[in-house]
Amino acid sequence: MLTLKNIVKDYKVAGKQFRAVNDISLTLNKGEFVAIIGPSGCGKTTTLNIIGGLDRYTSGDLIINGTSTKDFSEKDWDAYRNNSIGFVFQSYNLISHLSVLDNVELGMTLSGVNQKIRRERAIEVLTRVGLASQLGKRPNKLSGGEKQRVAIARALVNDPDIILADEPTGALDSKTAHEILTLIQEVAKDKLVIMVTHAQQYADEFASRIVELKDGVILADSQKEPVVSEDTGYQANKTSMSFFTALKLSFNNLKTKKFRTVITAFASSIGIIGVGLVLAISNGFSQQINDIESDQLVGLPILIGKSEMNIGFDRAGASVFQPEDYEPDEIVIYDSSMDVHTNIITNEFITYLENMNSDIYTNIHYTYGYIPVILSTESGATELVNLDDVGFSSFITPEDELEEYYDLKDGSFPTNIYQVVLEIKEWNVVNKEVLDALGFDTSSELRFSDITGTELYIAKNNDLYVEQGSLFVPNYSDLETVKNNGIVIEIVGIVQAKDSTMTYGPTGLLYLYDLQDELLSVNSGSDICLAQETLDTSVFNLSLLTEEEKLGILSYIGCNSTDPYLIQIYSDSVENKTTIKEYIATYNADKDLDDKIFETDLAEAIGATLSTLITSISVVLSAFASISLIVSSVMIGIIIYISVLERTKEIGIIRSLGGRKKDISRVFNAESIIIGAFAGLMGISITYLLTFPINVIAANVDPSLASVATSNPLHLVLLVLASTILTFIGGFIPSRIASKKNPVEALRVE
């Protein structure tokens, strides 16, 4: 039983109060066919909307099965419309982008009915109203009578207690109108049917009760004695539209506007394309840096220096110092001296290195600080060679692998420690300082053959340093004797590194590593060495020396062969370098800080610096490109707002079927998400396709840039996600506006 008790409804029109319904009281029962008649503006539709829960009464009470609605919340009214009310409108109010079957199913979808069950029930009801053959059609393919039959099927499918028909025959011819009213009368025998109509003849023919309104009050009621039915109380199931349903509604709507959707998505994708290309190029450069580090910079050694090292907390390529364990609330005091560490290279550590798996390194070089004195006779006189210009250094690769790393331009590779080669650069370039230091006449043309076969002489300490009293002085006055008694080395070849980064330090003369051991062996027993080892003063000026300073002099003149100041560990892969560093970390595991050994990986340091530079540039470029993403989000918000205006009637239809405000928001949020995801997918697709011409153009400029633009799949996925989120944010405000629209006003929009 439905009771209207002293219902009053006031509106504000042009700032003034207008009373549409004035103190109406009615008791309506199941099984009645009630016709509400009266002139236009008398309050018929307003009364119907109040009964249907689309509009709220100003005062009075609407009582459902004995339950007052005064305290009904918005959700209670939504549930009431979904469970108990079936609307049949004059203008049909079907959603144009849904099929007949989907239109009928929508009310059940809102109430959470299982898909199989709602499909079966919708087909059954559509069959009852004579539309079994029209299930897949869109409403715009139906006649007026067929559309109204769809509306009746939609009103009946949830098995409501009350059917509300607002001028159901107003848009139909008399024959079709008669058929529709007959159908309503037939299918709603056990329900309360309330029809608003202007047609007196239809009210007389079909209604079991006629209520006449005028100026918002009941003028007449054909019911003589009120029928009192048992009040059982009222409790409706809450409605809930699934997000999948919202996606389906929005997707079907967007399909009707394909061109606009594609253009909108493309405009939104421009920002994604910009950011995507920046990330692709950044990723390509990062991969090239990794390739350089693994293929070229791998030739740079891991350095373990005896001198002080800045280890810091985050120094690229270096071991990282971390504070000892600390409590969660303890302040860790930072002292810059914590960044400085002196490696104590002990025999224990050297032995530990010697026991390292030889498969993970190619060479271990120990540098003791010896600076050999070399003489040349190429200019016609015996002259000292400036080693700062010549760059006298050892090969960094094993002797049996020289041909893998160097191209032989002339002569041969060294076959013994007394043979050296001159390293040249690309285009046979040799620094003028190198040739001048070796005594060649650089004012005339030089050939490879002019270089190969050249002999040089390494001075021995006993010939180079002469004792005078308590001091030792260089024997520069008799360089001829120094030369004649020196160790002869010959330049036997001209080589060029296959990878320019294989050369660590300045280019020039390269010798086999074992030559160093020979020179140290020859000089360690010299007079100057024996003298310096027994003195606490310098053999050169008698100044008092610390132990560290004394070791420095002994190293300089070739007397130190047991205490290296630098260890260089060479490897052939990044993976092996990692293993070497882990091996050193194992040595440090049980050591105090002062006894730990910290290393520096030059390749990692260079790679990290380049990566930081690339990342910084990428961040700046991405920031600029991201501005277009913000702009596109605003544009999406405008597009969604336009969609809200276009779909206002659909909002009213969904609300009339029991849809909540949250469901309306969900529909337009779903539209934002679909556009955002589509824009993201379009953006990453275009980005991926653009990497091909970019790589072709870059390769034409420099072959090494053939993969300068390489898309990372993770970046592409994140860009789609970002596009979706940003468009969701852009469409959030319009979706909130949509949810707050008055359903009655929304249904009036044409």
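Source: prediction; values computed, not measured.

Peer 1: When you look at the overall build of the protein in this model, what are you seeing that I'm missing?
Peer 2: What the protein contains, in helices and strands, is 25 helices and 26 strands. A globule of 750 residues ought to have a C-alpha radius of gyration of about 27 Å, yet the protein, at 47 Å, is considerably larger. With the C-alpha coordinates aligned to their principal axes, the bounding extent of the protein is approximately 145 × 60 × 50 Å. When burial is assessed residue by residue, the protein has 50% of its 750 residues classed as buried. Considering only residue pairs separated by 6 or more positions, the protein has 79% of its internal contacts joining residues 24 or more positions apart. Computed over 59 positive and 97 negative side-chain charges, the inter-centroid distance for the protein is 29 Å.

Peer 1: How do you make sense of the pairing of strand β6 (residues 85-89) when you look at a structure like this?
Peer 2: Side-chain direction in a regular strand flips from residue to residue, so the side chains alternate between the two faces of the sheet. In terms of burial, β6 is largely enclosed, as five of its five residues are buried. Here β6 pairs with strand β7 (residues 162-166) via five bridges, running parallel. The residue bridging Phe89 from the neighbouring strand is Asp166, located in β7.

Peer 1: I tried to follow the state of the cysteines on my own but got confused; where do I start?
Peer 2: A covalent bond bridging the sulfur atoms of two cysteines is what the word disulfide describes. Inspection of the entire model under this criterion finds one disulfide. Disulfide pairing is shown between Cys529 and Cys559; the S-S distance is 1.8 Å. Judged by the sign of its S-S torsion, about -75 degrees, the bond between Cys529 and Cys559 is left-handed. A residue pair is termed long-range when its members are at least 10 positions apart, and Cys529 in helix α18 (residues 527-534) and Cys559 in the loop between α19 (547-556) and β25 (566-570) qualify at 30 residues. Neither residue differs from the other here; Cys529 and Cys559 are each classed as buried.

Peer 1: I tried to follow the packing of aromatic side chains on my own but got confused; where do I start?
Peer 2: To describe a pair of aromatic rings, one takes the distance between the centres and the angle between the planes. For the structure shown, the criterion picks out eleven aromatic pairs. With centroids separated by 5.0 Å and ring planes inclined at 65 degrees, the aromatic side chains of Phe349 and Tyr587 adopt a geometry described as edge-to-face. Within this pair, whereas Phe349 is found in helix α10 (residues 347-354), its partner Tyr587 is found in helix α20 (residues 574-588), the two being separated by 238 residues in sequence. What makes Phe349 buried here is its relative accessible area of 0%. The exposure class assigned to Tyr587 is buried, which follows from its relative accessible area of 6%.

Peer 1: Is there a simple way to explain the confidence of the model for the protein in this structure?
Peer 2: In low-pLDDT segments, the atomic positions of the prediction should not be examined closely. Residues of the protein with pLDDT of at least 70 account for 91%, and the chain-wide mean is 84. Mean pLDDT values over the elements of the protein span from 53, in strand β12 (residues 308-310), up to 94, in strand β20 (residues 455-458). This stretch, residues 311-318, has a pLDDT under 50; its non-local contacts, to residues over four places away or in other chains, come to 26 contacts.

Peer 1: Would you mind going over the layout of surface pockets with me for this structure?
Peer 2: Space left empty within the atom packing is revealed by a probe, the size of a water molecule, rolled over the atoms. Counted as a void, the largest pocket has a volume near 960 Å³. Surrounding the largest pocket, 36 residues form its lining, Tyr370, Ile371, Pro372, Leu387 and Phe392 being those nearest its centre. Counted as a void, the second largest pocket has a volume near 430 Å³. Together, 23 residues line the second largest pocket, and Thr45, Thr46, Asn49, Asp166 and Arg748 are the ones closest to its centre. Only β2 (16-28), α1 (44-51) and α25 (743-748) provide two or more residues apiece to the lining of the second largest pocket. A per-element tally of the lining of the second largest pocket places α1 first, with four residues. Taken together, the residues that form the lining of the second largest pocket break down as nine nonpolar, ten polar and four charged.

Peer 1: Please explain the sheet that holds strand β5 (residues 67-68) as it appears in this structure.
Peer 2: Paired through backbone hydrogen bonds, the strands of a sheet run either parallel or antiparallel to each other. The strand order β2-β1-β4-β5 describes an open sheet built from four strands, whose pairing is antiparallel. With partners counted over all chains shown, the strands left at the sheet margins are β2 and β5, one partner each. With five bridges joining them, strand β1 (residues 2-13) and strand β4 (residues 59-64) adopt antiparallel strand pairing. Bridging across to β4, Val8 finds its partner in Ser59. This element, α1, spans β1, β2 and β4 of the sheet and lies at about 120 degrees to β1.

Peer 1: Looking at this structure, how should I read the environment of Ile51?
Peer 2: Following the sequence through the fold, Ile51 ends up in helix α1. C-alpha separation for the pair Ile51 and Ile85, spaced 34 residues apart in sequence, amounts to 8.9 Å. Apart from residues lying up to four places away in sequence, Ile51 is in contact with Leu2, Leu4, Leu28, Leu62, Tyr80, Ile85, Leu164 and Ile194.

Peer 1: When you look at a negative patch on the surface in this model, what are you seeing that I'm missing?
Peer 2: Together, Glu399, Asp400, Glu403, Glu404, Asp514 and Asp517 line one region of the surface with negative charge. Residue assignment for the negative patch shows that the elements contributing at least two residues are α12 (402-405) and α17 (514-523). Following the sequence through the fold, Asp400 ends up in the loop between β17 (393-394) and α12.

Peer 1: How should the sheet that holds strand β11 (residues 302-305) be read in this particular structure?
Peer 2: Reading across the sheet, the four strands line up as β14-β25-β11-β26 and stay open at both edges, with antiparallel pairing between neighbours. Each end of this open sheet is capped by a strand with a single partner; those strands are β14 (363-367) and β26 (600-601). Where β14 and β25 come together, five bridges link them in antiparallel fashion. Counterpart to His365 in the pairing with β25 is Gln568. Lying over the sheet, α20 contacts β11, β25 and β26, oriented at roughly 25 degrees with respect to β11.

Analysis parameters
Residues numbered from 1 in each chain as written. Predicted model: local features only at pLDDT ≥ 70, side-chain atom pairs only at ≥ 80, totals over all residues. Heavy atoms only, no water. Helix = DSSP H or I, 4+ residues; strand = E, 2+ residues; numbered from the N terminus. Rg over C-alpha atoms; globule rule 2.2 N^0.38 Å. Buried < 20%, exposed > 50% of the residue type's maximum accessible area, 1.4 Å probe, protein only. Contact = heavy atoms within 4.5 Å. Lys, Arg positive; Asp, Glu negative; His and termini not counted. Charge placed at Lys NZ, Arg CZ, Asp CG, Glu CD. Pairing = 2+ DSSP bridges. Disulfide = S-S within 2.5 Å. Phe/Tyr/Trp six-rings, centres within 6.5 Å; stacked < 30°, edge-to-face > 60°. pLDDT = per-residue confidence, 0-100. 1 Å grid on protein atoms, 1.4 Å probe; cavity = no way out; pocket = protein on both sides within 12 Å on 5 of 7 lines; lining within 4 Å. Points joined across faces, edges and corners; volume = space filled by probe spheres on them. Nonpolar A, V, L, I, M, F, W, Y, C, P; charged D, E, K, R; others polar. Axes fitted to C-alpha atoms, helices over the stretch in contact; angles between N-to-C directions. Patch = residues over 30% accessible without salt bridge, like charges linked within 9 Å, V, L, I, M, F, W, Y side chains within 5 Å. Areas by Shrake-Rupley, 256 points an atom, 1.4 Å probe, with all protein chains shown as cover. Salt bridge = Lys/Arg side-chain N within 4 Å of Asp/Glu carboxyl O.

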